[in-house]
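Geometric and topological summary
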Amino acid sequence: RQVIEGSMAMIRFGTCGVVEAKYPPGDIFVPEAAMFVQQNYDYDHEVEKDETKAFHISKPCHADSKLKGILTAKYEALIGKDHVHADGYNATCDTFYAGQGRQLTTFSDHSANLLTIMKKEQPKLETLEMETYIILKLAKMSMPTFKIYSCGSCIGIFNRMTNKVASESHVKDLEAKGGKACLEALVEYEFPEGEPANTERLANLLKKIAAPQHLCSSNLLPVSYTHLTLPTSDLVQISVVAVSVTKK
């Protein structure tokens, strides 16, 4: 945010666990909203017995409907409508184990019924991971002159209800196709307040550096900008985009 001028559009694309048995692993989810699940640090695990109070479940935070719609259409065009699910909710959890209801013999975290509690709180819950709610909340908190529009998406690699796992080759294929869909959605998205003032200027800079010889394989950043005489803020903004363009 500190190096981007004007509005931003952000998409989270990663992996998740699935908590609905009807979905096979390897499908893509674009949640309508996410809630945050966090350990309740005021809960006394040695004394209290009410597991519904062991974790705090936030109110849902919704994705930008326009960006979500564009991204969903891109996914559907690439892998088919039957393998894209965009009506459910996500739970973003503060930890991988207790926060997602995984049981450990080394701690008494009172999370044995957490999945049931989550689904009772939000019947449309479909996925668990650790990122989406945060970017949705950041977008909601953004100021009008620094507006952020965001949505999340994820590959369901493991179904917690059926214990079925997506194959490594299938996940890799979806990562490539899904990444392309994200880039295309970001390009297509039109900001309600109009394009940021520096969009055209940065696009012209990209044309100068979008050749493979300008990329460093060790860190995926452009090797030499000495001939461009650019301020640091421009370098930060165009580096990742340049990698995406040349990789694509």
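About the criteria used
Residues numbered from 1 in each chain as written. Predicted model: local features only at pLDDT ≥ 70, side-chain atom pairs only at ≥ 80, totals over all residues. Heavy atoms only, no water. Helix = DSSP H or I, 4+ residues; strand = E, 2+ residues; numbered from the N terminus. Contact = heavy atoms within 4.5 Å. Areas by Shrake-Rupley, 256 points an atom, 1.4 Å probe, with all protein chains shown as cover. Disulfide = S-S within 2.5 Å. Buried < 20%, exposed > 50% of the residue type's maximum accessible area, 1.4 Å probe, protein only. pLDDT = per-residue confidence, 0-100. Pairing = 2+ DSSP bridges. Core = buried A, V, L, I, M, F, W, Y, C linked by side-chain atoms within 4.5 Å. Salt bridge = Lys/Arg side-chain N within 4 Å of Asp/Glu carboxyl O. Arc of directions from axis to C-beta.

Right, let's talk about the overall build of the protein for a bit. When helices and strands are tallied, the protein shows six helices and 11 strands. For the protein, the share of sequence-separated contacts (at least 6 apart) that also reach a separation of at least 24 residues comes to 77%. Here the protein has roughly 13,500 Å² of accessible surface; of this, 57% comes from carbon and sulfur atoms.

Across all of its chains, the model carries zero disulfides by this definition. In this structure Cys151 is not part of a disulfide, and its nearest cysteine sulfur, from Cys182, lies 7.5 Å away. Of the residues examined, Cys151 reaches a relative accessible area of 0% and is grouped as buried.

Here the protein averages 82 in pLDDT, while 79% of its residues score no lower than 70. Within the model, pLDDT remains below 50 along residues 210-230, and this stretch shows 34 contacts once partners closer than five positions in the same chain are excluded. Taken as a whole, residues 234-248 scores under 50 in pLDDT and shows 33 contacts with residues more than four places along the chain or in a different chain.

This part covers unusual backbone geometry. A positive phi angle, near 65 degrees, is found at Asn163, a position not held by glycine. Tracing the backbone through its elements, the reader meets Asn163 in the loop between β9 (148-159) and α4 (168-188). For Asn163, a relative accessible area of 55% puts it in the exposed group.

Remember that side chains alternate between the two faces of the sheet whenever the strand is regular. Across 11 bridges, strand β1 (residues 8-18) lies against β9 in parallel orientation. Within β9, the position partnered with Ala9 by the bridge is Tyr149.

One recurring pattern in soluble globular proteins: nonpolar side chains tend to sit buried together. Ranked by size, the top nonpolar core spans 26 residues in total, and within it Ile11, Ile28, Val30, Leu71 and Tyr75 carry the most contacts. Those elements giving two or more residues to this core turn out to be β3 (33-39), α1 (65-79), α3 (132-141), β9 and α4. The residues contacting Ile28, other than those within four sequence positions of it, are Tyr75, Ile79, His83, Val84, His85, Cys154, Ile155 and Leu174. Residues Met35, Ile57, Leu115 and Met118 belong to the second largest nonpolar core, which totals 16 residues.

Where burial is concerned, most of β3 is hidden: six out of the seven residues are buried. Sheet analysis places β3 next to strand β5 (residues 61-62), joined by two bridges and oriented antiparallel. Residue pairing for β5: Ala34 is matched across the bridge by Cys61. Pairing of β3 with strand β7 (residues 89-93) involves five bridges; the strand directions are parallel. When the sheet's bridge partners are listed, Ala33 is paired in β7 with Tyr89. Pairing between β3 and strand β4 (residues 55-57): three bridges, direction antiparallel. When the bridges of β4 are listed, Val37 appears paired with Ile57.

Let us now look at the pattern of salt bridges. Under the defined criterion, the tally for this structure stands at eight salt bridges. Between Glu129 and Arg12 there is a salt bridge, with its nearest N and O atoms 3.0 Å apart. Highlighted residues: Glu129 in strand β8 (residues 125-129) and Arg12 in strand β1, separated in sequence by 117 residues. Neither residue differs from the other here; Glu129 and Arg12 are each classed as buried. The residue Lys177 makes a salt bridge to Asp173 at a minimum N-O spacing of 3.2 Å. In this pair, Lys177 and Asp173 both sit in helix α4, four residues apart, roughly one turn of the helix. Three or more residues joined by partner-sharing salt bridges are found here, namely Arg12, Glu129 and Glu131.

For helix α2 (residues 114-121), every residue scored as buried is listed here: Leu114, Leu115, Ile117 and Met118. The arc that holds the buried residues of α2, viewed along the axis, is 160 degrees, so those residues lie on one side. Opposite the buried face of α2, by more than 90 degrees, sit the exposed residues Thr116 and Lys120. On the buried face of α2, the contacting elements are β3, β4, β7 and β8.

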